[in-house]
Amino acid sequence: MAELDLLGSILSSMERPPAAADGETRRRAREQAARMKKLQEQDKRQKVEFRKRMEQEVSQFIQATGEPRRRFQPMNKIERSILHDVAEVAGLTSFSFGDDEDSRYVMVFKKEFAPSDEELEAYRRGEEWDPARAEERRRLRELAAQQEEAELESGPAPPGPPTDYKDKYRHLIGSDAAKAAARTMEANKAYGCVPVANKRDTRSIEEAMNEIRAKKRLRQAEDEGGAGGGPGGPCV
């Protein structure tokens, strides 16, 4: 029994917090909760006011006849989401552009002036949209596609006649210089240049062989004559 009393007294002493500390903690918690509630109400009020202001600007944009699109000032993520929602409710199309968070902005388009993919790409690159230049690029692309299609239908082009090199380089050296460059080479006898026509052997094979045999017989006869007789005759 004495042991139970001792245990109870120990537990009682451990659970007994200081009264002053309890009151201070609860007071700080109440103050913090009040500040949080005030901030939430203020944030909610600011969002409502911002939405009303965006609704007014979008309404003015819809009523402006000569304005197909409108670019708004850079906004944070929450404000952009509010503006996108306002534009969707009003039946408009909206896009966000900009690389970093601080410079991102919203552009709103009327339905009849919905942007093309090429226009959106220009805004994403940070460029201004020029409809005249875009139309010219589109026309050039169509012409190139039509030309390519015509070439495919006609097949490969037939080989043309060989061109004269004088005509090919006439715009560079002129007609007179082309004629001078095309003159035939003349043999220079000082350097022993023999025309090719003089080097060609016009004899037949039989004629050449007969001439060789005749020269051989003549040489043999000369050799025999020199060996058989001389000024003093043969030795005895």
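Placed above this text is the structure.
Since the structure is predicted, the reported quantities are computational estimates derived from the model, not experimental observations.

(A) Highlighting the sheet that holds strand 3 (residues 105–109). As summarised here, the arrangement of the 3 strands in space is 1-3-2, forming an open sheet in which the pairing is antiparallel. Of all the strands in the sheet, the pair left with one neighbour each is strand 1 (69–71) and strand 2 (93–97). Direction aside, the axes of adjacent strands within the sheet are offset by 20 degrees on average. Seen against the sheet, helix 3 (residues 77–89) touches strand 2 and strand 3 and runs at an angle of roughly 160 degrees to strand 2.

(B) A look at the side chain of E119. Structurally, the position occupied by E119 is in helix 4 (residues 117–124). On the basis of relative accessibility, which here comes to 5%, the residue E119 falls in the buried class. If we ignore the near neighbours within four places in the chain, the residues touching E119 are R69, F109 and W129.

(C) A look at the pattern of salt bridges. In this structure the tally under the stated criterion is 17 salt bridges. In this structure, the salt-bridge partner of E127 is R125, at a minimum N-O distance of 3.2 Å. K215 is paired through a salt bridge with E211; the nearest N and O atoms lie 3.5 Å apart. Here the residue K215 and the residue E211 both occupy positions in helix 9 (residues 205–228), the gap between them amounting to 4 residues, near one helical turn. A network of salt bridges, in which partner residues are shared, links E24, R27, R28 and E31.

About the thresholds
Residues numbered from 1 in each chain as written. Predicted model: local features only at pLDDT ≥ 70, side-chain atom pairs only at ≥ 80, totals over all residues. Heavy atoms only, no water. Pairing = 2+ DSSP bridges. Helix = DSSP H or I, 4+ residues; strand = E, 2+ residues; numbered from the N terminus. Axes fitted to C-alpha atoms, helices over the stretch in contact; angles between N-to-C directions. Contact = heavy atoms within 4.5 Å. Buried < 20%, exposed > 50% of the residue type's maximum accessible area, 1.4 Å probe, protein only. Salt bridge = Lys/Arg side-chain N within 4 Å of Asp/Glu carboxyl O.

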